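Examination of the molecular architecture
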Amino acid sequence: MSHRHSHRLSRLLNIGLPYFWLGLFFLLPFVMVLRISLAEPTLAQPPYTALWEWVEQGVLQIRLNLANFQLLREDDIYLAALLNSLWVALVGTVCCLLLGYPMAYAIATAPERRRILLLMLIILPFWTSFLIRVYAWIGLLNANGLLNTFLLWLGVIDEPLKILHTQMAVYIGVVYSYLPFMILPLYANLTRLDPTLLEAAADLGCRPFRAFLRVTLPLSMPGIVAGSMLVFIPVVGEFVIPDLLGSPGSLMIGKLMWTEFFANKDWPLASALAIVLLAVLVVPFVLMQRLQQDDEGTRT
Amino acid sequence: MSSLPDRRLLESWQDPKAAPYVRIERLTKKFGDVYAVDDVSLNIFQGEFFSLLGSSGCGKSTLLRLLAGLEYPTSGRIHIDGVDVTDVPPYSRPVNMMFQSYALFPHMTVEQNIDFGLRQDRLPRRERAERIGEMLDLLKITPLRKRRPDQLSGGQRQRVALARSLAKHPKLLLLDEPLGALDKRLRENTQFELVNLQERLGTTFVTVTHDQEEAMTMSSRIAIMEAGQIMQIDTPTAIYEFPNCRFVAEFIGSVNLFEGKIVERQGDQVLIEAQFGGLMRMRSFQPHAIGTPVMVAIRPEKMRLCETPGGDGVNRLQGIVEDIAYLGDVSIYRIRTGSGLLAEMTLTNIQPRTEQALTWEQEAVIEWSPTSGVVLTE
Amino acid sequence: MKRRSWPLLSILVFGYAFLYVPILLLILYSFNESRLVTVWSGFSLKWYGELLHNRQLLDAAWLSVRIAALNASVAVVLGTLAANALVRHGRFRGRTGLELLLTAPLVMPDVIIGLSLLLLFVTLQQTVGWPDGRGFSTITIAHITFSLAYVAVVVRSRLARMDVSLEEAAMDLGARPLTVYLRITLPLIAPALLSGWLLAFTLSLDDLVIASFVSGPGATTLPMVIYSSVRMGVSPQINALATLVVALVAVAVVIAGLSMRRR
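Predicted, not measured: the structure shown is a model, and the values here were computed from it.

Residues C:W130 and C:P131 are joined by a peptide bond in cis, for which omega reads 0°. In this fold, C:P131 is placed in the loop between α5 (110–128) and α6 (136–161). For B:K140, which is not glycine, the phi torsion reads 55° and is therefore positive. Mapped onto the elements, B:K140 comes out in the loop between α3 (125–138) and α4 (154–166).

The following block contains the structure:
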């Protein structure tokens, strides 16, 4: 029965190894974050207090410090940053959807041969550095940047628009960076759509636009939700875009975490922020996961 | 199990001394709560062309996969050539299989595909080359040997798949819907080729098919499967002429079923009071008790027009021609009796269609002989 | 469906322009003599020259490439194992858990992954004495952790599309499971492994946030150098670097496209 044996070995390898790695380096770290979020900052290396100590023989002293979460609740800046992050993510997602859906639709209905090229062109920027692509917009949006120079030259505006270091620039950066994440699942969904459904709708007397609203749109809902979650969730915690393009005044939670950690060296507070962020993202994440499993269920 | 009494040669499955090559003992395979194969016992003999016939989902493919070792049975044993192989993994069984999708390795040429199994046996290079040559010759695919599967037509792929599964000279070849992916004309030609090949090599073939015509033309014996169980195992003729139950009678070809009750036994014949109101006299070797409810199964082509009405009226039906289906060589007549029963009769079109005697709405009397059908008890 | 509608086509054109104009301008200005983007003072390769003599940047690039290559190689192995588990092992116990662990890194904000891994490394160092200092190894581990999830997605979809009867046929012809995997499965999913490797390589080369958290003194990756120079504003050297990256990617894509067409 050596094949049973080798099957067990392959199970152990295939399931066990990824589980071990992700458990150790993805799951366990969250426990650490939770632990440190309950500690106090000190001027030490590492800069936080221990949660428990053996004060004397056999007596374990546990100190849980909820002050970090207290602070997050009391100081308006954190709530404002959280709300602003959610808002930016929402606007960014909607903009991605408004631009990405027609693009995905146009690509999915293009002739087969051209489709691959069009899709490659969507994926291509993804392969170049994200950082560099965000950076490219600095030169474009500057007060004396290309966009302003161009608009002034056209005579559309009299004085340079201030776009860089505003919320507007953050939206642009988000849409620019995350558009492929919206288009790809939508495209995958739309190409799976049976074209005879639309022919049937037309045959039953439905005009093309109505057919789109009544047939295509409802059936592409899984693609819309998947794409939206792929944009929304990471954008809530985005750091690079608000840091390089956004205004220093309006904060996002990812950037705040970075500042607390690197500038203020307040690891416990940064951890508490991470816990809050995680708690906020659990809902959309579960939604996405549920949807993915449903999708798989219907496919098999 | 009924079989033809006038067979001249004793076939291996009739010889009580012959040892079965494949012996399946009370085999059961459950998927969750569903019985795909339900307590099946079956013997297959050396050199047979054995077909598992049934509609989709009847468990025939699962049975084949159990033989190949690709599924592990829930209970029961499988013996091949006297050895219990139930626990033997597929790669160590003396069995090869031709898959329904052919499962040709897309990254290998025809030659490499055929070579794959030989390599696993660590055969020396010379012998492998010889074997490949032999297989390419046998299936007339030598010119294709450097091609990849995606450069082959459906028929060519089928041949390559066959060559690959025969290359190891298996004693038992399993074929899962071997002709399923071919179009109708190619399928008919290939049927005969497959039978010739099997006779030439003497390999035992077990095929799975849902096509009764295919099973009838190719097989030495057929097992009819339904809901994981075997309903009847017999030669094609016996299955057609002497079905052992209503399911088999209806599954193969078309059949008239007349319900009735046994009223008298006269030697090897029984007299049956039919529900449609007449009497039927049928041959039956089974010891039915008087009063047993039975069903008489008669094939439509065994019916004939009654030229001389009158007599005792036994084995006769009177009705009106309701429907005629003209099929060229034959015509099917549907006759509705006074009691509402619908009987089917097939007549060969000896005369041109226009000159035929029987037409719509015409009164007709049809009859059959006591030996032209079977008496079923369920 | 065959007729193209104008609104759709114009959105498509606008979308592609939106995606490509910034990059094209970056390339254009990498050849500009002047430091200012608004002024075109003539064609010059001087920024490329400066780039090639920027010791700090070259060191960082070399570190990043080494991390990316090691990361991609390990991530391909682990990601493929995970894909095997999900596609070939049916409904095993803990399947939902594994799916969750493989989806979460795809969307988890970098700041959280970075911070949490750093805290893990610090704790591990305190309790078991490993890792001894942070840098190459900690960055690589962090990158593998999220890269393997991406690899798993790519390999999984390829594996799921593969006909199971190919593996069964190989086994039926006498190949043992390991032989089946090496001779049939691996060659057939090789394109997915390659794109998974390239994806993991790029993701690693691109990461600023996670690396910033888990890196230690002395280990500065390329994105970290770019970030600190970009924070100061537009830098023509970075334009030149961006152009090189784009050129490299373009060459890789053309090669991949040609080799696929040949098949």
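Now that the structure is up, let's keep going.
The feature "domain: ABC transmembrane type-1" (unreviewed entry), as given by UniProt, occupies residues 82–288 of chain A in the numbering adopted here. End-to-end, the C-alpha atoms of residues 82–288 of chain A are 21 Å apart, and along that stretch the chain is 80% helix and 0% strand.

Here the focus is the UniProt feature "domain: ABC transporter" (unreviewed entry) in chain B. Residues annotated in UniProt with the feature "domain: ABC transporter" (unreviewed entry) correspond here to residues 22–252 of chain B. Taken as a whole, residues 22–252 of chain B contains 36% helix and 26% strand, while its terminal C-alpha atoms sit 26 Å from one another.

Attention shifts here to the domain arrangement of chain B. Residues and elements named next belong to chain B. For chain B, the assigned domains read domain 1 (12–94 + 170–250) and domain 2 (254–376). For domain 1 versus domain 2, the separation of C-alpha centres amounts to 34 Å. Counting residues at the interface gives ten residues for domain 1 and nine residues for domain 2. Overall, the association of domain 1 and domain 2 removes approximately 840 Å² of surface from exposure, summing both partners, and the carbon and sulfur fraction of that is 57%. Looking at the side of domain 1 facing domain 2, the largest losses of area belong to Y240, R246 and A249, adding up to 55% of the total buried there. There are one salt bridge connecting domain 1 and domain 2.

The subject of this paragraph is the interface of chain C and chain A. Listed by partner, the interface residues are 85 residues for chain C and 92 residues for chain A. Both faces considered, chain C and chain A share a buried interface measuring about 8,000 Å² in area, 79% of it formed by carbon and sulfur atoms. Area buried by chain C at its contact with chain A is led by C:F18, C:L101 and C:V107, which between them contribute 8% of it. Across the salt bridge formed by A:D243 and C:R231, the nearest N and O atoms sit 2.8 Å from each other. Seen at the junction of chain C and chain A, the total is 16 residue pairs in polar contact (both at pLDDT 80 or more). For the side of chain C that touches chain A, the leading source of residues is helix α1 (residues 6–30) of chain C, giving 14 residues. Taken together, the residues that form the side of chain C that touches chain A break down as 60 nonpolar, 18 polar and seven charged.

What counts as what
- Residues numbered from 1 in each chain as written.
- Chains lettered and ligands numbered in written order.
- Predicted model: local features only at pLDDT ≥ 70, side-chain atom pairs only at ≥ 80, totals over all residues.
- Heavy atoms only, no water.
- Helix = DSSP H or I, 4+ residues; strand = E, 2+ residues; numbered from the N terminus.
- UniProt positions renumbered as here; feature names shortened; annotations may be inferred.
- Domains from an automatic or database assignment.
- Contact = heavy atoms within 4.5 Å.
- Buried area = accessible area lost by both parts, 1.4 Å probe.
- Salt bridge = Lys/Arg side-chain N within 4 Å of Asp/Glu carboxyl O.
- Polar contact = N/O pair within 3.5 Å; in protein donor to acceptor, adjacent residues only side chain to side chain.
- Nonpolar A, V, L, I, M, F, W, Y, C, P; charged D, E, K, R; others polar.

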